[in-house]
Amino acid sequence: MEATGTDEVEKIKSKFMSAWHNMKYSWVLKTKTYFSRNSPVFLLGKCYHFKTDESGELSTDGSNFDKINMEISGNVEEFRKDFISRIWLTYREEFPQIKGSALTTDCGWGCTLRTGQMLLAQGLVLHFLGRAWVWPDALDIDNSDSESWTANTVKKLTASFEASLTAEREPKILSNHHQGTLKRNCDDSEMRNEVYHRKIISWFGDSPLAAFGLHQLIEYGKKSGKIAGDWYGPAVVAHILRKAVEEARDPELQGVTVYVAQDCTVYSSDVIDRQCSFMDSGKADTKAVIILVPVRLGGERTNMDYVEFVKGILSLEYCVGIIGGKPKQSYYFAGFQDDSLIYMDPHYCQSFVDVSIKDFPLESFHCPSPKKMSFKKMDPSCTIGFYCRTVQDFEKASEEITKMLKSSSKEKYPLFTFVKGHSRDYDFASSPLREENDLFSEDEKKRLKRFSTEEFVLL
């Protein structure tokens, strides 16, 4: 009887906390983000210039784009289109209950899992669509200066007003993507891209069956001692993502693998072994690899000596971003200007979207406006990600990054290293014969436990 009573109390407590977080993270006041006209802007390896003869700043909040000087508006729009095309994964509410808990939202605790999802999503975008791809309907996304209603309230208001909306207004309610598709004569390449665009997003859906959805990631997190509602650090999330990709059964994902650096060391032979491992299709092609490197950029605070290196990393086209943040909040870092990082923020609660439905709405998976944060506010714990399509690409990347590490390091030891050969404890390659409880090796479990106690607390 006592156990039953305790369970009921936990369920009530969980529902109360979910309701509080839904309100807290759905009431958002958006602030404009300003960019300098005189400095280049880097976004995942691409460089944009907003330079004019005039000095000053410009806002990249969507509502102001039509006011920007025509001399630079083209480049600004290209930047905005590129940024919006990145996949944005945020807190969600009202999704199917997480196994072993009463939770139907990740508000307040799932931000690092969301930033990890965004990094992996960018890796998959590079793999299936390429860095040059942009969502054709990116600039159609509405961006209001502020939002002061919860997602539920917005839905109710929208429903109540639908009956009185004019015919002129109605087309805007329909999916912008759907309307755009009707207006364009899509060629085969564009249609293929849109299929993969939707497929990638569907892999991150908030349902138990989605390969990289929150439900699956939490299941893999249990192997490292984490449960739903816990806070996850960047290093733990890196290992969870690796397991999720290893265990993914979609044939499309058999050509991708994930490698996580061990103790700030990337063992080249281990990476190449993963790339050359047996593919279910029986083809001799090598796998693409997403390399994740958990690092610490200082002690309690970020060492500013590492700033130039972080900038260098985000200037590489094969960089898939950084799982990081500032103390108590996790962000997905995707670029920079001067001494400010450009990021996507998962701390915005949106309603559950059923990605199993044909032509599900895409708008909530794309962020309408970038945010900026000073490097000085960056928490030292983070995970850096790279994508390499072939072994040759990996070898070239390792050489380029090694040079960057040496030139940027003012200390005796670089932030991380590439080493030829195999790691001493290389015994945790995925195997279909492994027991479920052995998904992480003992060394990995110890490493994950250490990381979880060292990293910052996320809210």
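What you see is a predicted model; the values in this text were computed from it and never measured.

1. Considering the overall build of the protein
Phase 1 of the analysis: The secondary structure content of the protein amounts to 13 helices and 15 strands.
Phase 2 of the analysis: By the burial criterion, 54% of the 459 residues in the protein qualify as buried.
Phase 3 of the analysis: Restricting the contact set of the protein to residue pairs at least 6 apart, pairs at least 24 apart contribute 76%.
Phase 4 of the analysis: Carbon and sulfur atoms make up 53% of the accessible area of the protein, which totals about 21700 Å².

2. Section: the nonpolar core
Phase 1 of the analysis: With 73 residues, the main nonpolar core has Trp109, Leu113, Leu124, Ile200, Trp203, Phe204 and Phe212 as its most contacted residues.
Phase 2 of the analysis: The leading source of residues in this core is helix H3 (residues 111-128), at 9 residues.
Phase 3 of the analysis: Counting 41 residues, the second-largest nonpolar core is a separate cluster that includes Leu314, Tyr343, Ile384 and Met404.

3. Some details on the environment of isoleucine 342
Phase 1 of the analysis: Following the sequence through the fold, isoleucine 342 ends up in strand E11 (residues 340-344).
Phase 2 of the analysis: Among the residues examined, isoleucine 342 registers a relative accessible area of 0% and is labelled buried.
Phase 3 of the analysis: For the pair isoleucine 342 and tyrosine 331, spaced 11 residues apart in the sequence, the C-alpha separation amounts to 9.6 Å.

4. What to know about the packing of aromatic side chains
Phase 1 of the analysis: With the rule as written, the count across this model stands at 19 aromatic pairs.
Phase 2 of the analysis: Between phenylalanine 128 and tyrosine 196 the ring centres are 4.9 Å apart and the planes differ by 15°, which places this aromatic pair in the stacked class. Here tyrosine 196 lies in helix H7 (residues 188-203) and phenylalanine 128 lies in helix H3, a separation of 68 residues in the sequence.
Phase 3 of the analysis: Here phenylalanine 128 falls in the buried class, since its relative accessible area comes to 7%.
Phase 4 of the analysis: Plain terms: the ring middles of phenylalanine 386 and phenylalanine 416 are 6.4 Å apart, the flat faces sit at 45° to each other, and that makes the pair tilted. Note that phenylalanine 386 is positioned in strand E14 (residues 381-388) and phenylalanine 416 in the loop between helix H12 (391-408) and strand E15 (417-419), a separation of 30 residues in sequence.

5. Notes on the packing of helix H8 (residues 214-222) against helix H9 (residues 234-247)
Phase 1 of the analysis: Here H8 crosses H9 at 110°, and the two axes come no closer than 9 Å. By the angle class used here, H8 and H9 are roughly perpendicular. In this structure, H8 crosses over H9, and the sense of that crossing is right-handed. Contacts from Leu217, Tyr220 and Gly221 of H8 reach H9 at Ile240, Leu241, Lys243, Ala244 and Glu247.
Phase 2 of the analysis: In terms of residue class, the contact of H8 with H9 is made up of 5 nonpolar, 1 polar and 2 charged.

6. What about the pairing of E14?
Phase 1 of the analysis: For E14, the tally of buried residues reaches 8 of 8 residues, placing the bulk of the element in the interior.
Phase 2 of the analysis: The sheet contact formed by strand E8 (residues 288-296) and E14 spans 8 bridges and is antiparallel. In the sheet register, leucine 292 faces E14, and the bridge partner there is glycine 385.
Phase 3 of the analysis: As paired elements, strand E9 (residues 319-326) and E14 share 4 bridges and run antiparallel to each other. If you follow cysteine 319 over to E14, its bridge partner there is phenylalanine 386.

7. Digging into the state of the cysteines
Two cysteines joined by a covalent bond between their sulfur atoms form a disulfide.
Phase 1 of the analysis: Within this structure, the stated rule accounts for 0 disulfides.
Phase 2 of the analysis: For cysteine 107, which is in no disulfide, the shortest distance to another cysteine sulfur is to cysteine 349 and amounts to 3.1 Å.
Phase 3 of the analysis: Taking the relative accessible area as the measure of exposure, cysteine 107 reaches 1% and is therefore buried.

8. Some thoughts on H8
Phase 1 of the analysis: The buried count for H8 comes to 7 of 9 residues, which makes it a mostly enclosed element.
Phase 2 of the analysis: Of the positions making up H8, those classed as buried are Leu214, His215, Leu217, Ile218, Glu219, Tyr220 and Gly221.
Phase 3 of the analysis: Contacts from the buried residues of H8 go to H3 and H9.

9. Here we look at unusual backbone geometry
Apart from glycine, the bulk of residues carry a negative phi angle, and the bulk of peptide bonds sit in the trans form.
Phase 1 of the analysis: Non-glycine residue glutamate 94 carries a positive phi angle of around 65°.
Phase 2 of the analysis: Residue position: glutamate 94 is located in the loop between strand E5 (92-93) and H3.
Phase 3 of the analysis: Owing to a relative accessible area of 41%, glutamate 94 belongs among the partly exposed residues under this scheme.

10. Re the confidence of the model for the protein
Phase 1 of the analysis: For the protein, the mean per-residue pLDDT works out to 79, and 68% of the residues sit at or above 70.
Phase 2 of the analysis: The least confident element of the protein is helix H5 (residues 170-173), whose mean pLDDT is 36; the most confident is H3, at 98.
Phase 3 of the analysis: Contacts from residues 426-439, a stretch scored under 50 in pLDDT, to residues over four places away or in other chains number 22 contacts.
Phase 4 of the analysis: Long-range and interchain partners of residues 450-459, a stretch whose pLDDT sits below 50, account for 34 contacts in this model, where long-range means more than four residues apart.

11. Thoughts on H9
Phase 1 of the analysis: For H9, which comprises 14 residues, the first-to-last C-alpha distance of 20 Å matches the rise-based estimate of 20 Å (1.5 Å per residue) to within 8%.
Phase 2 of the analysis: A large share of H9 lies buried, amounting to 13 of its 14 residues.

12. Digging into the packing of H3 against H9
Phase 1 of the analysis: Contact geometry for H3 and H9: axes closest at 10 Å, N-to-C directions at 50°. Comparing the axis directions of H3 and H9 gives the class oblique. Handedness of the crossing formed by H3 with H9: right-handed. The residues of H9 that touch H3, namely those facing Thr112, Leu113, Gly116 and Leu120, are Pro234, Val237, Ile240, Leu241 and Val245.

13. Notes on the pattern of salt bridges
Phase 1 of the analysis: Using the criterion set out here, one finds 13 salt bridges in the structure.
Phase 2 of the analysis: Measuring nitrogen to oxygen at the nearest pair gives 2.9 Å for the salt bridge that ties aspartate 82 to arginine 131. Note that aspartate 82 is positioned in helix H2 (residues 70-85) and arginine 131 in the loop between H3 and helix H4 (151-162), a separation of 49 residues in sequence.
Phase 3 of the analysis: Given a relative accessible area of 1%, aspartate 82 falls into the buried group.
Phase 4 of the analysis: In this structure arginine 131 comes out as buried when scored by relative accessible area, which is 7%.
Phase 5 of the analysis: In this structure, arginine 114 and aspartate 106 form a salt bridge, with 2.8 Å as the shortest nitrogen-oxygen distance.
Phase 6 of the analysis: Judged by relative accessible area, arginine 114 falls into the buried class, the value being 1%.

So, how was this worked out
- Residues numbered from 1 in each chain as written.
- Predicted model: local features only at pLDDT ≥ 70, side-chain atom pairs only at ≥ 80, totals over all residues.
- Heavy atoms only, no water.
- Helix = DSSP H or I, 4+ residues; strand = E, 2+ residues; numbered from the N terminus.
- Buried < 20%, exposed > 50% of the residue type's maximum accessible area, 1.4 Å probe, protein only.
- Contact = heavy atoms within 4.5 Å.
- Areas by Shrake-Rupley, 256 points an atom, 1.4 Å probe, with all protein chains shown as cover.
- Core = buried A, V, L, I, M, F, W, Y, C linked by side-chain atoms within 4.5 Å.
- Phe/Tyr/Trp six-rings, centres within 6.5 Å; stacked < 30°, edge-to-face > 60°.
- Axes fitted to C-alpha atoms, helices over the stretch in contact; angles between N-to-C directions.
- Parallel < 35°, antiparallel > 145°, perpendicular 65-115°, else oblique.
- Left-handed = near helix turned anticlockwise from the far one by under 90°.
- Nonpolar A, V, L, I, M, F, W, Y, C, P; charged D, E, K, R; others polar.
- Pairing = 2+ DSSP bridges.
- Disulfide = S-S within 2.5 Å.
- pLDDT = per-residue confidence, 0-100.
- Expected span 1.5 Å × (residues − 1).
- Salt bridge = Lys/Arg side-chain N within 4 Å of Asp/Glu carboxyl O.

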